[in-house]
Amino acid sequence: MTLRLGVLISGRGSNLQALIDACEAPDYPASIALVVSNRSDAAGLDRAEQAGLKTTVVDHRDFGDAQAFAREIDTRLREANVQLVCLAGFMRIIANEFVDAWADRLINIHPSLLPAFPGLKVHERALAAGVRISGCTVHFVRPEVDSGPIILQSAVPVLPKDTPDTLAARILTKEHQCYPNAVRLIAEGRVKIDGDRTVIDDEKGYLTAADCP
Ligand code: GRF
């Protein structure tokens, strides 16, 4: 039995692709049960369809408020027997009642070393702050934006000539390793939440492998 994932996207879907590729390995302990997009033109939907995955569009504009939008997503995830929800470039703030309902079964990937630079314009702000190292974070989701117990992080150097685009691209390659590794750790039951942090049984060395630039 593999852990059934629901992946929520809004656009390009390169992290979705990383999860699709990981799930193709015979020993990977998770599979994608449903891809949900709030946009019907998301390129990630094509990736999902190419891979033969079940997809559904829940357009936020069809709902009166964020609660009703999140309730519909919740219904579709439950219909697909999803066990872990992965936000992968999902660009809508999701209602607190959804976050509470899926607490500890809802994860996100963010392109900075949280708690630094939550929110939008991440790379612009990292460059403006003059940080020498940035990276990505996979974390459990809590109601405050881009907060919650950290599962994995991976660091990259910030180079003198970096632009937001070059830094984003360097971090993205790390995202594509970190997200499948974090899902694997959860699916193998190696991640325990302890208050605001997680404790990881890292027998296979993902933490150290992911950590280095
Ligand atoms: C990634 O940088 C992710 O960290 C952020 O949104 C971007 C999504 O990219 N949350 P993609 O759609 O997975 O290519």
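The shown structure was predicted, so the numbers you read here are calculated from the model rather than taken from an experiment. (Residues numbered from 1 in each chain as written. Predicted model: local features only at pLDDT ≥ 70, side-chain atom pairs only at ≥ 80, totals over all residues. Heavy atoms only, no water.)

A word on the sheet that holds strand β4 (residues 84-87)
Alright, step 1. The sheet built from seven strands is open, its strands ordered β3-β2-β1-β4-β5-β6-β7 with mixed pairing. Every interior strand has two partners, whereas the edge strands, β3 (55-57) and β7 (150-157), have only one. The sheet shows a mean angle of 20° between the axes of neighbouring strands, taken without regard to direction.
Alright, step 2. Relative to strand β6 (residues 133-140), strand β5 (residues 106-110) runs antiparallel, the two being bridged by four bridges. Within β6, the position partnered with His110 by the bridge is Thr137.
Alright, step 3. The strands touched by helix α1 (residues 14-24) within the sheet are β1 (3-9), β2 (30-37), β4 and β5, with β2 carrying the most contacts at an inclination of about 155°. (Pairing = 2+ DSSP bridges. Helix = DSSP H or I, 4+ residues; strand = E, 2+ residues; numbered from the N terminus. Axes fitted to C-alpha atoms, helices over the stretch in contact; angles between N-to-C directions. Contact = heavy atoms within 4.5 Å.)

Some points on the site of the ligand
Alright, step 1. What surrounds the ligand is the set Arg12, Gly13, Ser14, Asn15, Gly89, Ile109, His110, Pro111 and Glu175.
Alright, step 2. One nitrogen or oxygen atom from the main chain of Gly13 is found 2.8 Å from an oxygen atom belonging to the ligand.
Alright, step 3. At 2.7 Å from an oxygen atom of the ligand is found a side-chain nitrogen or oxygen belonging to Glu175.
Alright, step 4. In isolation the ligand offers 370 Å² of accessible surface; the protein chains occlude 84% of this area.
Alright, step 5. At the level of secondary structure, the elements contributing two or more residues to the shell around the ligand comprise α1 and β5. (Near = heavy atom within 4 Å. Polar contact = N/O pair within 3.5 Å; in protein donor to acceptor, adjacent residues only side chain to side chain. Areas by Shrake-Rupley, 256 points an atom, 1.4 Å probe, with all protein chains shown as cover.)

Re unusual backbone geometry
Alright, step 1. The linkage connecting Leu114 with the following residue, Pro115, adopts the cis geometry, with an omega of 10°.
Alright, step 2. Note on placement: Pro115 falls in the loop between β5 and α5 (122-129).
Alright, step 3. The backbone of Asp104 sits at a positive phi, close to 70°, despite the residue not being glycine.
Alright, step 4. With respect to the element layout, Asp104 can be found in the loop between α4 (96-101) and β5.

Remarks on the pairing of β1
Alright, step 1. Taking burial as the measure, the seven residues of β1 include six buried ones, the bulk of the element.
Alright, step 2. In the sheet, β1 pairs with β2 via seven bridges, with the strands oriented parallel. For Leu5, the partnering residue across the bridge sits in β2 and is Ile32.
Alright, step 3. After leaving β1, the chain enters α1 and then returns to the sheet as β2, a path that is right-handed. (Buried < 20%, exposed > 50% of the residue type's maximum accessible area, 1.4 Å probe, protein only. Right-handed = clockwise from strand over helix to strand, strands pointing away.)

Examining the nonpolar core
Alright, step 1. Among the nonpolar cores identified, the biggest contains 42 residues, and Leu5, Val7, Ile32, Cys86, Ile107, Ile151 and Val183 are the most heavily contacted of them.
Alright, step 2. Counting residues per element, this core draws most heavily on helix α6 (residues 164-187), at eight residues.
Alright, step 3. A domain split of this core shows at least three residues from each of domain 1 (1-102) and domain 2 (108-213).
Alright, step 4. In contact with Ile32, other than residues within four places in its own chain, are Leu5, Val7, Leu16, Leu19, Ile20, Cys23 and Leu53. (Core = buried A, V, L, I, M, F, W, Y, C linked by side-chain atoms within 4.5 Å. Domains from an automatic or database assignment.)

Remarks on the domain arrangement of the protein chain
Alright, step 1. Each assigned domain of the protein chain is listed here: domain 1 (1-102) and domain 2 (108-213).
Alright, step 2. Between the C-alpha centres of domain 1 and domain 2 there is a distance of 20 Å.
Alright, step 3. Both sides of the domain 1 and domain 2 interface together cover about 1,600 Å² of buried area, and 70% of this is carbon and sulfur.
Alright, step 4. Inspection of the region where domain 1 meets domain 2 yields zero salt bridges.
Alright, step 5. At the junction of domain 1 and domain 2, the tally comes to four residue pairs in polar contact (both at pLDDT 80 or more).
Alright, step 6. Looking at the side of domain 1 that touches domain 2, the elements that each hand over two or more residues are β1, α1, β4 and α4.
Alright, step 7. Sorting elements by how many residues they give to the side of domain 1 that touches domain 2 places α1 first, with five residues. (Buried area = accessible area lost by both parts, 1.4 Å probe. Salt bridge = Lys/Arg side-chain N within 4 Å of Asp/Glu carboxyl O.)

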